[in-house]
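Observations on the three-dimensional arrangement
So the chains spell out like this:
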Amino acid sequence: MVEEGAVKKPQTSQMMWMMLSLGIVMILFIGEVRNAVGGALNVVFAPVIGFNGEDPVLTLIFAGIIMIGISTVIRTLMTDTMSQARNQSEMKAFNAELRQARIENNLYKIKKLTEQQKVMMSKSMDASMKMMKTMPITMMVVIPMFSWVWYFLDHEAKNLIAIVPWSDTVNLAGSMWFLPTWVLLYMLISIPVGQLLGRLIRWMKFKKRLEEIDGAEIS
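What you see is a predicted model, and the numbers here were worked out from it, not measured in a lab. (Residues numbered from 1 in each chain as written. Predicted model: local features only at pLDDT ≥ 70, side-chain atom pairs only at ≥ 80, totals over all residues. Heavy atoms only, no water.)

Focus: the confidence of the model for the protein
On average, the protein scores 77 in pLDDT, and the residues at 70 or more come to 81%. Per-element confidence in the protein is highest for helix 2 (residues 31-49), whose mean pLDDT is 87, and lowest for helix 1 (residues 2-26), whose mean pLDDT is 51. Note on residues 1-10: pLDDT is under 50 here. Beyond four places in sequence and across chains, it has 0 contacts. (pLDDT = per-residue confidence, 0-100. Helix = DSSP H or I, 4+ residues; strand = E, 2+ residues; numbered from the N terminus. Contact = heavy atoms within 4.5 Å.)

A few points about unusual backbone geometry
Not every positive phi belongs to a glycine, and Phe51 is a case in point at roughly 50°. Along the chain, Phe51 turns up in the loop between helix 2 and helix 3 (56-77). According to the relative accessible area criterion, Phe51 is partly exposed, its value standing at 30%. If you check the backbone angles, Asn52 has positive phi at about 55° while not being a glycine. In this fold, Asn52 is placed in the loop between helix 2 and helix 3. (Buried < 20%, exposed > 50% of the residue type's maximum accessible area, 1.4 Å probe, protein only.)

Description of empty space enclosed by the protein
Inspection of every chain in the model, using the stated rule, returns 1 cavity of 30 Å³ or more. Taken as a whole, the largest cavity spans an internal volume of roughly 40 Å³. Lining the largest cavity, in full, are Asn87, Glu90, Met91, Met120, Lys123 and Ser124. Of all the elements in the fold, those that place two or more residues in the lining of the largest cavity are helix 4 (81-104) and helix 5 (107-133). (1 Å grid on protein atoms, 1.4 Å probe; cavity = no way out; pocket = protein on both sides within 12 Å on 5 of 7 lines; lining within 4 Å. Points joined across faces, edges and corners; volume = space filled by probe spheres on them.)

Looking at the pattern of salt bridges
For the structure on display, the rule yields 1 salt bridge. As a salt-bridge pair, Glu97 and Lys109 come within 3.5 Å of each other at their nearest N and O atoms. Linking Glu97 in helix 4 with Lys109 in helix 5, this pair joins segments that are 12 residues apart in sequence. The exposure class of Lys109 is partly exposed, given its relative accessible area of 29%. (Salt bridge = Lys/Arg side-chain N within 4 Å of Asp/Glu carboxyl O.)

Right, here's the structure in full:
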């Protein structure tokens, strides 16, 4: 009981800290605050990727690349990729062994693995908590950039009619389902870029680690 409480207490504190951080970041999305942040960033971004408001789709593309690029680099560099991969591999092997034991109806093995499952779940939870720690930091990049794009489309863009994959003509200021149209386009741009960049950084980290291991073996 003491050990369980000792584990839960830091996890609860981490969760409270993350929720507080996210709450502070989300304040930036409130109308007046959002406009103030967007207006301030407009001085920086409009001359560089604003294109005089004549091509908002191109502006969305560059803004999406900048936003997802910075947030992906922060998230990937702050994550212990090697430990994460090791935990995923161990969990995959454990689940396969447990599944095989159930197929064979090996009650003794099922009991042993079920007891071990608590430890595996605890490790998985710790890994998830470490990943969540980066969320407030990345949101500090995502929300201000969203605020600027919102401000830019409201005050600077001259033509909000664009051609998108799902329609010949669409109003970026309109809405689709429950999201503004420009947000959907923004996501279509940023998500693939983030996936590619994340994989590239993880590959570089793995390559560096393998070179370090090979160097240690040689010496």
